[in-house]
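Observations on chain architecture
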Amino acid sequence: MKKLFAIGVLISFIVGLVLVKALPVYKMGIFLSTQTHQVVDTIFLYATIVYYASILWVYMHHRFWIKLMVIPLILFLSYFFGMMLNYWVFKPVVISIPALYAVIDHWEYNMDWFRAFSIAIMTIIIYYIEQYFFYWVRSGSKTQS
C-alpha cells in the first residue's frame, strides 16, 4: 500500500510539472485560464481522488459500513487540507526559492496544477492519522473490558 501511495504522489507531481509547461495559466502577459484549463484541472483533481479512494477501499481492514463512513471523510479532509497546504505552504516556499519559481514559469498561479499533489500528500497523512485513531480506540476498548 505504501508503494501505491508513493506512485500516486509521484504521478501527481509529474503530471503537475507537465501541465505547467503544456497549459500555463499565465504566459507573456496573457492570462490563459480558459474553460480547457478548468476541465483539465477538474479531471486531474477527481482522478487523484478516485485513485486514492480505490486504494483505501481495497486496503483498509475495516467493516463495510466503516469504509462507507471513513473513506469519504478522509477524502474530504485531504481535499480541504490539501488546498490549504498548496496555498499556505507550498506556494510561499516555491515563490521564495528562485530555482523552484522558474519551474512554474515565474507565475504563482501555475501552482494550481500542483493541487492534486497536495491532496495526495494530505490523503496519506490523514490515512495514517485515521489508522492510529482506530488502533487507539481498539486498544483502549481491550484494556477497559
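As shown above, the structure is provided for reference.
Residues numbered from 1 in each chain as written. Predicted model: local features only at pLDDT ≥ 70, side-chain atom pairs only at ≥ 80, totals over all residues. Heavy atoms only, no water.

Focus on the nonpolar core
Heads up, the condition is: Take the buried Ala, Val, Leu, Ile, Met, Phe, Trp, Tyr and Cys residues and link them wherever side-chain atoms come within 4.5 Å; each set so joined is a nonpolar core. Whether a residue is buried, partly exposed or exposed follows from its accessible area with a 1.4 Å probe, protein chains only, as a fraction of its type maximum: under 20%, in between, or over 50%, in that order. The helix count covers DSSP runs of H or I at least four residues long, the strand count covers runs of E at least two residues long, and both are numbered beginning at the N terminus. The contact rule is simple, with two residues in contact once any of their heavy atoms fall within 4.5 Å.
Core analysis: the biggest nonpolar cluster contains 32 residues, and Phe5, Tyr52 and Leu56 have the highest contact counts within it. Elements represented by at least two residues in this core include exactly helix H1 (2-22), helix H2 (35-59), helix H3 (64-96) and helix H5 (115-144). No other element matches H5, which puts 9 residues into this core. If sequence neighbours within four positions are ignored, leucine 56 has contacts with Met1, Phe5, Ile71, Ile74, Leu75, Thr123 and Tyr127.

Focus on the packing of H2 against H3
Quick note on the threshold: Where helices are involved, their axes are fitted lines through C-alpha atoms of the stretch in contact, as for all axes, and angles between N-to-C directions lie from 0 to 180°. Crossing handedness follows the turn of the near helix against the far one: under a right angle anticlockwise gives a left-handed crossing, and clockwise gives a right-handed one. Under the scheme applied, nonpolar residues are Ala, Val, Leu, Ile, Met, Phe, Trp, Tyr, Cys and Pro; charged residues are Asp, Glu, Lys and Arg; polar residues are all the others, including Gly.
Two elements in contact, H2 and H3, have axes whose closest approach is 10 Å; the angle formed by their N-to-C orientations is 145 degrees. With respect to the hand of their crossing, H2 and H3 are arranged in right-handed fashion. Along the contact surface, H2 presents Leu45, Ile49, Tyr52, Ala53, Leu56 and Trp57, while H3 presents Phe64, Lys67, Leu68, Ile71, Ile74, Leu75, Tyr79 and Met83. Of the residues in the contact of H2 with H3, the class split is 13 nonpolar, no polar and 1 charged.

Section: the pattern of salt bridges
Applied cut-off: Here, a salt bridge means any side-chain nitrogen of Lys or Arg that lies within 4 Å of a carboxyl oxygen of Asp or Glu.
Applying the stated criterion across every chain yields a total of 1 salt bridge. Salt-bridge contacts for arginine 115 lead to aspartate 41; the nearest nitrogen and oxygen are separated by 1.9 Å. Placement of the pair is arginine 115 in helix H5 and aspartate 41 in helix H2, with a sequence separation of 74 residues. Neither residue differs from the other here; arginine 115 and aspartate 41 are each classed as buried.

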